[in-house]
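Chain residues, written in single-letter form:
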Amino acid sequence: MSTPARRRLMRDFKRLQEDPPTGVSGAPTDNNIMIWNAVIFGPHDTPFEDGTFKLTIEFTEEYPNKPPTVRFVSHMFHPNVYADGGICLDILQNRWSPTYDVSAILTSIQSLLSDPNPNSPANSMAAQLYKENRREYEKRVKACVEQSFID
Amino acid sequence: MGDESKNSSEEPSQVNQDELILAQQRQIEKEISESIPLVGEMEPISSLNSEYANDEVYLEKIKDLSSKYKHIRRTRPDGNCFFRAYSYAGLERLLDKKDEFNAFYKQAEESKDALVQLGFQQFTVEDFYDIYMEVLKRVGDLTDVDDAKKTLHFLFNEQGYSDYMVVYLRLLTSGQLQKDQDFYSCFIEGDRTVADFCHQEVEPMYKESDHIHIIAACAALNMGVRVVYMDRGNNKSVTEHDFPEGCTPLVHLLYRPGHYDILYP
């Protein structure tokens, strides 16, 4: 049955295929349009460069009125990513707007990799190292990048 | 700071607070949605009495209200009540006036291009616009006014349609604020730009409406509203305010702190 959420997700998918933003990709899983797999490539000139980070996006029938739940599957070391892969990003919580689509979500997460917000930490160690010991931070991130090749 | 043991542990152990909060929020919303329809049936004003048994201040004001209005139609208190009530009540009134409805329809048809010109993303705006126009067309095509009103009521209680009506009206309101941002910027507190304000307080669903939303929505739809305020204030009567000032309001809404319902003279 086609519901507004499913119809909208088909449109999101079509747009993502026709006009893909650089460095991100995503597609519904084989048998369920409400669950997507996505990949974000680590942005250039950041310690995440060369990483291929996998995510899952889970939508409810309330999409696009409510945001989906987005989670990194790949192990991440980032000030705004929780241990379980959950992401602390305003547009996925209290600043969600129904005008955002999957492309916008993925590109926002991609820019969060380049510009962490250490003042709203989901991983306090990553936030602290990011602020006080950038070299150690980058070392930890690079370990994630290497692990992302194997995952 | 000061929590050395935590900082030296290998794995971050924080609980995902955002998700806990969201989960609780969803539970509350679910409880509300199971008990109150998006847009209810017409009820007599006296039905308000039962909500305020023994509350002299409110009972006095309900008496005053019932001298001015006969009926009330409740809406679900989900943060979208102003937009839903205003849109529903406006269309309901327009169905009685075919010419005005047609003018409204024409104005709605042109609204998408105006939003895209203002910088809204065509792809996502279109999704809401299509449903908005579908609803207008479905009720507008029915020649029998009672049938049209029944269809309107049905569609406004279908979550998919109803919420899209709200989203599109939120986008039109945002567009209006941004188009006239020189004017509206004076009413925005803090350092926020009009565009920031729109992204944070107007476009997201479930965000409650303030005066500035109402003024902009009325300007966007070119449809005046009288808001009747009923609160615990000292005076014995309800107070009325027309948006825009001096208009002949098409829509009448009852405001009680935090919530809007529809009124019928």
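The name that an unreviewed UniProt entry assigns to chain B is Ubiquitin thioesterase, with the source organism given as Tribolium castaneum.

An unreviewed UniProt entry lists chain A under the name E2 ubiquitin-conjugating enzyme, from Tribolium castaneum. Regarding chain A, the relevant UniProt record gives this comment under Sequence similarities (unreviewed entry): "Belongs to the ubiquitin-conjugating enzyme family."

**Some points on the UniProt feature "site: Interacts with free ubiquitin" (unreviewed entry) in chain B**
Residues and elements named next belong to chain B. Taken from the UniProt record, the annotation "site: Interacts with free ubiquitin" (unreviewed entry) applies to Ile215, Tyr229, Asp231, Tyr255 and Tyr260. Looking at where Asp231 falls in the secondary structure, it is placed in the loop between β3 (225-229) and β4 (239-243). Contacts of Asp231, omitting those with residues within four sequence positions, involve Val57, Tyr58, Lys61 and Pro257. With respect to the element layout, Tyr260 can be found in strand β6 (residues 259-264). For Tyr260, a relative accessible area of 4% gives the class buried. The contacts of Tyr260, once residues within four sequence positions are left out, are Thr75, Cys81, Phe82, Ser209, Ile214, Val227, Leu253, Leu254 and Tyr255.

**Structural notes on the environment of Gly140(B)**
All names here are of chain B. Within the secondary structure layout, Gly140 lies in helix α6 (residues 122-140). What makes Gly140 buried here is its relative accessible area of 12%. Counting along the chain gives 55 residues from Gly140 to Ala195, while the straight-line C-alpha distance between them is 34 Å. Other than its neighbours up to four places away in sequence, Gly140 contacts Lys98 and Phe101.

Procedures and definitions
The numbering scheme is per chain: residues are counted from 1 as the chain's sequence reads. In the order they appear in the text, chains get letters beginning with A and ligands get numbers beginning with 1. At least 70 in pLDDT is required for a residue's local features to be given in this predicted model, at least 80 for side-chain atom pairs to be given and counted, and no such filter applies to totals for whole chains, interfaces and linings, which use all residues. As a rule here, side-chain values cover all heavy atoms of the structure and leave hydrogens and water aside. UniProt positions are given in the numbering used here, feature names are shortened, and annotations may be inferred rather than shown by experiment. Under the DSSP-based scheme used, a helix requires at least four consecutive residues in state H or I and a strand at least two consecutive residues in state E, with every element numbered from the N terminus. Contacts are assigned to residue pairs with any non-hydrogen atoms lying within 4.5 Å of each other. Remark: exposure states derive from per-residue accessible area (1.4 Å probe, protein chains only) relative to the maximum for the residue type, with buried under 20%, exposed over 50%, and partly exposed in between.

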